[in-house]
Amino acid sequence: MSDPVGPTAAQSLPGNWTVTGLQTAPGDDGRTRVEIVIRGKVEGVVDRGGGVDQLRFSVWDDGQELDFKVVDIPLGRSGAVTVRLGFDGRYAIEAEGIGIAITAGSEASGERVFDLDPFFPEAAS
């Protein structure tokens with residue numbers, strides 16, 4: 001039996017979401033960085049105030065939310081969205097991979113629309 005393989009750095013996923021990621025090698029200053037890009041289709045269906053729906057895109061590592069963005073979607077509108085997230089440092093210090101979450105509304109505790117854990121960013125050389 002083979003070992004299970006987690007999603008890699010450029011994979012199309014259920015729900016029309018695509019996640020790509022890159023972990024940079026240490027630069028002259030010794031710092032590394034993880035960059036994530038999430039692409040997908042959104043539709044404004046629930047008025048969360050001010051005539052917009054909202055989705056919260058976040059990246060997690062070792063149980064901590066390291067970066068997030070809230071995207072406002074006008075009610076009755078649909079379209080494509082690209083969200084860039086990132087954090088300084090290396091991933092997988094305690095747990096394998098990182099987690100990508102999309103929740104309804106502006107709070108991390110909102111209903112999960114999309115969840116990818118673990119995700120393994122590609123290593124840059």
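Quick summary incoming for the structure in this document. (Residues numbered from 1 in each chain as written. Predicted model: local features only at pLDDT ≥ 70, side-chain atom pairs only at ≥ 80, totals over all residues. Heavy atoms only, no water.)

## Section: the overall build of the protein
Argument step 1. For the protein, the count of helices and strands is zero helices and nine strands.
Argument step 2. The order of helices and strands in the protein, counted from the N terminus, is β-β-β-β-β-β-β-β-β.
Argument step 3. Among the 125 residues that make up the protein, the fraction classed as buried is 36%. (Helix = DSSP H or I, 4+ residues; strand = E, 2+ residues; numbered from the N terminus. Buried < 20%, exposed > 50% of the residue type's maximum accessible area, 1.4 Å probe, protein only.)

## Some thoughts on the environment of Gln23
Argument step 1. Mapped onto the elements, Gln23 comes out in strand S2 (residues 17–23).
Argument step 2. With ten residues separating them in the primary sequence, Gln23 and Arg33 have C-alpha atoms 5.6 Å apart.
Argument step 3. Setting aside anything within four residues of it in sequence, one finds Gln23 in contact with Arg33, Val34, Gly89, Arg90, Tyr91, Pro121, Glu122, Ala123 and Ala124. (Contact = heavy atoms within 4.5 Å.)

## Focus on the side chain of Asp53
Argument step 1. Considering the arrangement of structural elements, one finds Asp53 in strand S4 (residues 52–61).
Argument step 2. The exposure class assigned to Asp53 is buried, which follows from its relative accessible area of 6%.
Argument step 3. Among the polar contacts listed, one links the side chain of Asp53 to the side chain of Arg48, at a separation of 2.7 Å.
Argument step 4. When residues no more than four places from it in sequence are discounted, the contact partners of Asp53 are Glu43, Gly44, Val45, Val46, Arg48, Val71, Asp72, Ile73 and Leu75. (Polar contact = N/O pair within 3.5 Å; in protein donor to acceptor, adjacent residues only side chain to side chain.)

## Focus: the pairing of strand S3 (residues 33–43)
Argument step 1. With six bridges connecting them, S2 and S3 associate as antiparallel partners. Bridging across to S3, Leu22 finds its partner in Glu35.
Argument step 2. Direction of pairing for S3 relative to strand S6 (residues 78–88): antiparallel, over a ladder of eleven bridges. Following the sheet pairing, Val42 is matched in S6 by Gly79. (Pairing = 2+ DSSP bridges.)

## Section: the nonpolar core
Argument step 1. One finds Trp17, Val19, Ile36, Ile38, Phe57, Ile98 and Ile100 to be the most contacted residues of the largest nonpolar core, which totals 22 residues.
Argument step 2. Among the secondary structure elements, those contributing two or more residues to this core are S2, S3, S4, strand S5 (64–74), S6, strand S7 (98–104) and strand S8 (112–119). (Core = buried A, V, L, I, M, F, W, Y, C linked by side-chain atoms within 4.5 Å.)

## A word on the side chain of Gln54
Argument step 1. Looking at the element boundaries, Gln54 is found in strand S4.
Argument step 2. A distance of 2.9 Å separates a polar atom in the side chain of Gln54 from a polar atom in the side chain of Asp72.
Argument step 3. Excluding residues within four positions of it along the chain, Gln54 makes contact with Arg48, Val70, Val71, Asp72, Ile73, Thr103, Ala104, Gly105 and Ser106.

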